[in-house]
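So you can see what is in the structure, the chains are spelled out below.
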Protein chains: 2
Amino acid sequence: MKVQCNREEVLETTYSALFDMGLLISSRGSDGRVNAMTVGWALIGKAWSYPVLMVAVRPTTYTHELIEETNEFTVNVPSDDIREIVDYCGKVSGRNYDKFKEKNIAIENGVNVNSPIISDCVAHYECKVLLKSKVIPELLPQETREKHFYSKNYHTLFFGKILTTLKEQ
Amino acid sequence: MKVQCNREEVLETTYSALFDMGLLISSRGSDGRVNAMTVGWALIGKAWSYPVLMVAVRPTTYTHELIEETNEFTVNVPSDDIREIVDYCGKVSGRNYDKFKEKNIAIENGVNVNSPIISDCVAHYECKVLLKSKVIPELLPQETREKHFYSKNYHTLFFGKILTTLKEQ
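Scoring rules and cut-offs
Residues numbered from 1 in each chain as written. Chains lettered and ligands numbered in written order. Predicted model: local features only at pLDDT ≥ 70, side-chain atom pairs only at ≥ 80, totals over all residues. Contact = placed C-beta atoms within 7 Å. Helix = DSSP H or I, 4+ residues; strand = E, 2+ residues; numbered from the N terminus. Nonpolar A, V, L, I, M, F, W, Y, C, P; charged D, E, K, R; others polar. Buried ≥ 20, exposed ≤ 12 C-beta atoms within 10 Å, placed from the backbone. Arc of directions from axis to C-beta. pLDDT = per-residue confidence, 0-100. Pairing = 2+ DSSP bridges. Axes fitted to C-alpha atoms, helices over the stretch in contact; angles between N-to-C directions. Left-handed = near helix turned anticlockwise from the far one by under 90°.

Tallying the contact residues gives 31 residues for chain A and 31 residues for chain B. Sorting the residues of the side of chain A that touches chain B by element identifies α1 (7-20), β4 (42-47), β5 (50-57), β9 (123-134) and α5 (142-148) of chain A as the ones contributing at least two each. Its residues placed into classes, the side of chain A that touches chain B shows 21 nonpolar, five polar and five charged.

Attention now moves to helix α2 (residues 62-70) of chain B. Residues and elements named next belong to chain B. For α2, every residue scored as buried is listed here: Tyr-62, Thr-63, Leu-66 and Ile-67. Considered in projection along α2, the buried side chains sweep an arc of 135° and stay on one side of the axis. Here the buried face of α2 lies against β2 (23-28), β3 (34-39), β5 (50-57), β6 (72-77), β9 (123-134) and β10 (156-168). Backbone geometry just downstream of α2 places Asn-71 in the positive-phi region, at approximately 60°.

All names here are of chain A. Mapping Ala-106 onto the fold places it in the loop between α4 (99-102) and β7 (107-109). On the neighbour-count criterion, Ala-106 (10 C-beta atoms within 10 Å) is exposed. Residues Ala-106 and Pro-116, spaced 10 residues apart in sequence, show a C-alpha to C-alpha distance of 9.8 Å. Leaving out residues up to four positions away in the same chain, Ala-106 has contacts with Ser-119 and Asp-120.

Right, let's talk about the confidence of the model for chain A for a bit. For chain A, mean pLDDT is 91; residues scoring 70 or higher make up 96% of the total. Prediction confidence for the complex, expressed as pTM and ipTM, is 0.92 and 0.91 respectively.

Residue and element names in this part refer to chain B. Judged by how many residues are buried, β5 sits mostly within the fold: six of eight residues are covered. Of the pairings in the sheet, the one linking strand β4 (residues 42-47) to β5 comprises six bridges and is antiparallel in character. The residue of β5 that forms the bridge with Ile-44 is Leu-53. If you look at the hairpin formed by β4 and β5, you'll find two residues sitting between the two strands, and Trp-48 has a positive phi there, around 50°. Summarising the sheet, β5 and β10 pair through six bridges and their orientation is antiparallel. Paired with Val-55 across the strands is Phe-158, a residue of β10.

One way to put it is that α1(A) packs onto helix α1 (residues 7-20) of chain B with a least axis distance of 10 Å and a crossing angle of 145°. Between α1(A) and α1(B) the crossing geometry is right-handed. Contacts between α1(A) and α1(B) involve A:Glu8, A:Leu11, A:Glu12 and A:Tyr15 from the first element and B:Glu8, B:Leu11, B:Glu12 and B:Tyr15 from the second. Of the residues that constitute the contact of α1(A) with α1(B), the class distribution is four nonpolar, no polar and four charged.

Following this line, the structure appears as structure tokens:
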């Protein structure tokens, strides 16, 4: 069962999963279609006076399309039990696969957003986009540019205001 | 005495101080001049495969000038004991005041950066700039723009790769 909690209660779990596996972003298009994507690059803290979660999403992804359309998303913190799902959601595109169906991933409704939360995760953040920014390639050190941006598919940085924090009880 | 530690050990302290008081950025220009500035907006996590601390700094500040010049900075986590110093460092400019002298703030050398660390703080991150980004005003919701950017002094977002984490022992 999911219950609302303070952000401090799930901070360490979030940080640990981010460095270990990545986090799962989920979103729902206006046509009702849902998707989940693994994100490896995320930051948490405070900005513009709000609690904020920033996620880096490549513009070619289906998740990017859904966030641009709805201006919201959830960030779900996986436990070790669903490591295989986290790997899978980072490899295939929601344009071609219904990841939830393929992997039998249960979802439930969010509290303050239309995006779903992923039941088997242990913590959840409901976010509304507060700001978008871009990776400016010219400002990247050459080493970083060559290592991570050889495809020139530069990330959008979505800064989400955290509306709700939930945990599994 | 300062000792190196894992980031996890000081995560909660950092997060708590950020939401309570703010954090102190410190930097040293190539002429040897040092400065400290309070920052209220910061995010911590992982990006471009590195542990990262992002700080939002207005371009008019002396700290901005020093980071642009040296591409590095430290982030220092204050305790409640130095709340008055945190307030002070957020109010006056290092261009006009030697904040360290005025408030008798002790500093010591960093391990992997030339920027100093602030002795009376309880945790410290040594950062090298990995990426700079800008707040793009057109992408801000109107409410955020009017509340925080009436002066049009839009922040630079410095994404610093965390080279070293230290704590007071």
